[in-house]
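Summary of the model geometry
Spelled out, the chains give:
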There are 2 protein chains.
Amino acid sequence: MESEEVEQRMATIKDVAARAGVALGTASRVLSGSSQTSADSRARVLAAAAELGYIANGPARALRRARTDVLGLLVSDIRNPFFSELAHAAEQEARRHGYTVLLANANEDADQADAYLQTFASQRIDGLLFAPQSTVSPQLAATVASGLPLVFLNRTIEGIDAPMYGTDNAQGVGQVLDWLRRRGHRDVAFIGGPDTISTGAERRAAYLAGREQHGISTDEGLMEAGDFLADGAAKAMNRVLDRGVPFTAVFGANGPTTLGAVRALRERLGVEQAARIEVVSVDDLDWFEFASPPISAVRQDAAEIGRLGVRGVVDLIAGREASGQRVPTTFVDRSPQAQQ
Amino acid sequence: MESEEVEQRMATIKDVAARAGVALGTASRVLSGSSQTSADSRARVLAAAAELGYIANGPARALRRARTDVLGLLVSDIRNPFFSELAHAAEQEARRHGYTVLLANANEDADQADAYLQTFASQRIDGLLFAPQSTVSPQLAATVASGLPLVFLNRTIEGIDAPMYGTDNAQGVGQVLDWLRRRGHRDVAFIGGPDTISTGAERRAAYLAGREQHGISTDEGLMEAGDFLADGAAKAMNRVLDRGVPFTAVFGANGPTTLGAVRALRERLGVEQAARIEVVSVDDLDWFEFASPPISAVRQDAAEIGRLGVRGVVDLIAGREASGQRVPTTFVDRSPQAQQ
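Residues numbered from 1 in each chain as written. Chains lettered and ligands numbered in written order. Predicted model: local features only at pLDDT ≥ 70, side-chain atom pairs only at ≥ 80, totals over all residues. Heavy atoms only, no water.

Chain A has the name LacI family DNA-binding transcriptional regulator in an unreviewed UniProt entry, where Streptomyces endophyticus is given as its organism.

1. Some remarks on the sheet that holds strand β9 (residues 278–282) of chain B
All names here are of chain B. Strand order in the open sheet formed by six strands is β7-β6-β8-β9-β10-β12, and the pairing between neighbours is mixed. The open sheet terminates on both sides in strands that have one partner only, identified here as β7 (223–225) and β12 (330–332). The mean inter-strand angle of the sheet, taken between neighbouring strand axes irrespective of direction, is 15°. This element, helix α11 (residues 230–243), spans β6 (188–192), β7 and β8 (249–252) of the sheet and lies at about 155° to β7. (Pairing = 2+ DSSP bridges. Helix = DSSP H or I, 4+ residues; strand = E, 2+ residues; numbered from the N terminus. Axes fitted to C-alpha atoms, helices over the stretch in contact; angles between N-to-C directions. Contact = heavy atoms within 4.5 Å.)

2. Regarding the interface of chain B and chain A
Across the contact, 34 residues belong to chain B and 34 residues belong to chain A. Summed over both sides, the interface between chain B and chain A buries roughly 3400 Å², with carbon and sulfur atoms accounting for 53% of that surface. Inspection of the region where chain B meets chain A yields six salt bridges. A salt bridge links Asp286(A) to Arg263(B); the shortest N-O distance between them is 3.6 Å. Our count for the chain B to chain A interface comes out at 15 residue pairs in polar contact (both at pLDDT 80 or more). Take the side of chain B that touches chain A: its biggest share by element is seven residues, from helix α7 (residues 110–123) of chain B. Grouping the amino acids of the side of chain B that touches chain A by side-chain chemistry returns 14 nonpolar, ten polar and ten charged. (Buried area = accessible area lost by both parts, 1.4 Å probe. Salt bridge = Lys/Arg side-chain N within 4 Å of Asp/Glu carboxyl O. Polar contact = N/O pair within 3.5 Å; in protein donor to acceptor, adjacent residues only side chain to side chain. Nonpolar A, V, L, I, M, F, W, Y, C, P; charged D, E, K, R; others polar.)

3. Topic: the sheet that holds strand β6 (residues 188–192) of chain A
Residue and element names in this part refer to chain A. Spatially, the six strands line up as an open sheet ordered β7-β6-β8-β9-β10-β12, and their pairing is mixed. Each of the sheet's edge strands pairs with one partner strand only, and the pair in question is β7 (223–225) and β12 (330–332). Within this sheet the neighbouring strands show an average axis-to-axis angle of 15°, counted without direction. Packing against the sheet, helix α11 (residues 230–243) makes contact with β6, β7 and β8 (249–252), and its axis sits at approximately 155° to β7.

4. Overview of the side chain of Ser198(A)
Residue and element names in this part refer to chain A. Note that Ser198 resides in helix α10 (residues 198–211). In this structure Ser198 comes out as buried when scored by relative accessible area, which is 11%. Dropping the residues within four chain positions of it, Ser198 is found in contact with Asn154, Arg155 and Thr156. (Buried < 20%, exposed > 50% of the residue type's maximum accessible area, 1.4 Å probe, protein only.)

5. Observations concerning the packing of aromatic side chains
The way to describe two aromatic rings as a pair is by their centre distance and the angle between their planes. All names here are of chain A. Within this structure, the stated rule accounts for 16 aromatic pairs over all chains. Residues Phe190 and Tyr207 carry aromatic rings whose centres are separated by 4.6 Å and whose planes lie at 20° to one another, so their mutual orientation is stacked. With Phe190 in strand β6 and Tyr207 in helix α10, this pair connects stretches of sequence that are 17 residues apart. The same class applies to Phe190 as to Tyr207, namely buried. Feature note: the residues Phe190, Tyr207 and Phe251 constitute an aromatic cluster, connected by ring pairs. (Phe/Tyr/Trp six-rings, centres within 6.5 Å; stacked < 30°, edge-to-face > 60°.)

6. Looking at the nonpolar core
Inside soluble globular proteins, nonpolar side chains tend to come together where they are buried. In this structure, Leu73(A), Leu74(A), Leu73(B) and Leu74(B) are the most contacted members of the largest nonpolar core, which totals 96 residues. What Leu74(B) contacts, discounting residues up to four positions off in sequence, is Ala104(B), Asn105(B), Ala106(B), Ala113(B), Tyr116(B), Leu117(B), Phe120(B), Leu128(B), Leu129(B), Phe130(B) and Ala131(B). Of all hydrophobic cores here, the second largest spans 55 residues; its members include Ala233(A), Trp287(A), Ala189(B) and Leu222(B). (Core = buried A, V, L, I, M, F, W, Y, C linked by side-chain atoms within 4.5 Å.)

7. A few points about the packing of α11(B) against helix α12 (residues 255–269) of chain B
Residue and element names in this part refer to chain B. Two numbers describe how α11 lies on α12: the axes approach to 7 Å, and their chain directions differ by 45°. By the angle class used here, α11 and α12 are oblique. When the axes of α11 and α12 are compared, the crossing they make is right-handed. Of the residues in α12, those touching α11 at Ala230, Ala233, Ala234, Met237, Asn238, Leu241 and Asp242 are Pro256, Thr257, Leu259, Gly260, Ala261, Ala264, Leu265, Arg268 and Leu269. When its residues are assigned to classes, the contact of α11 with α12 shows eleven nonpolar, three polar and two charged. (Parallel < 35°, antiparallel > 145°, perpendicular 65-115°, else oblique. Left-handed = near helix turned anticlockwise from the far one by under 90°.)

8. Observations regarding the environment of Asn169(B)
Residue and element names in this part refer to chain B. Of note, Asn169 is situated in helix α9 (residues 169–182). Excluding residues that lie within four positions of it along the chain, Asn169 makes contacts with Thr199, Glu202, Arg203 and Arg326. Side-chain polar atoms of Asn169 contact the side chain of Glu202, separated by 2.7 Å.

Dropping the structure here:
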């Protein structure tokens, strides 16, 4: 931790105040957790502290020294099997290092994530693994400013410098594009996730960058985004159907999205008509092998991401360096040809 | 809390020592958390303390007073959608009461559950919602003895007097038996869960009690139990197949069990032959509607159980009484007749 801490100590409370454009007293009040500050100055000071890697003296530092042997794991959606699998593997790995893991579920809601960041702060965890929603909130800035060892899981947030362990989305989407071309699909409905979530943005960008050279239609009427949850994805699928642009395949950008899309197809078109549309997904769910036709999918290695994340945060706690890692995907081809 | 506490205070440390059959000094050392005690006397003292409802003075009591506005939720298997759905609903309800929820996952492992009970004790939660594995461990006895408000979710443990919010298993299994009779099944393979888990025992008992009067074979070669996880259930299904006793339907006693059973059927018999066997399940999973043939299921109201559990523990925290509740099930009939 030595060299890292020396580097971080170089930012003083004066630097933070200057960067935030507030008086020294204001910065001090914000960083000591006083409520006698406006929301605006709080946000500015905490953001500045985060950018400068400022670590408060006193309580926050003391907190870091009082080891609890507990890691916090804040996932985006515990009902998404990707995250429950990841959480399970993270726990097993944490136990190997002498830690227990407390889980919290943001349910793809940035406010709820903030509430849990606050809970974890008061519960004194040794390190945090976080699959974030979107932008830097004051609460996240405060977490970073407190010096709590932090790694991101599968998602990043611009402006926060923490190691990220996650899926190689460009590779995964590339595998989908190759499969779509092999299967001869030109008209493909793309149901993505929010562009504010890095995985949503990365998968969409990789798809847009590659679709033309894979012979896929660039009709924007085939592009839609949900909220990475099943109900939102069903609505997005219905918006594509409403436009009447024909398609022969659907690409769902995560597991719950594919579930929602399949449900919408069956409800709108009936089971037989829906079965004529091939579905491909990022995230391989338990039931894809049982679907008719079976659903081909990019398998994200959720377990490996969970294990690497734990090793990363354990390294940070021990004062070692940790550098993030993209974990390769595999493609599970369940199309008729592949079965022959 | 007044009347409850008076009642609990009636047990003194002398009562605990007498019941445990140890010296007063030993009981005192155990209850003050000293490590200078044998595992045997620790277990006996903590069990006696739990049975008598003894609440230690001092640290434990102080702990109870320092409100953290955090509830602990220890589930059996976070990858089981029943529990991830329950956890999600519990969080929403807890937020309505001003609490956040920290989740922990025992992965159907009593030792892991104990490790988390210890973590929650040191993390100072205001109350605990717990879906337990099996028997009273010293760690659970200590949790009870500490006076931490506690409710059970869907499962009970004999010897611990805490309100339980859970599924009406007798009703659910009755719905399955009625359906099996309506569908004309006589030879039914039953893949249950561990008898050490109350839901496993209750579902098996209800099935055994009702099968004969529903015209179902009493051949014991059709009865098997896994571990309520998919891989263990697949092995249990294979043991039934190994015996060569013919059957026309399979009843899986929870969601992961049904997943494992279906997987084993398809692997052993092939997709077409497996599709001739009707499957029915406790727990209704996302993909049952997509299976071929679709899988009929008992829907447990996981969300309602989570909400009731939170209300129960909030009542206990406020010193009010809480009495457990069995939550009714609904049956989702996806058989061909039902669709007409």
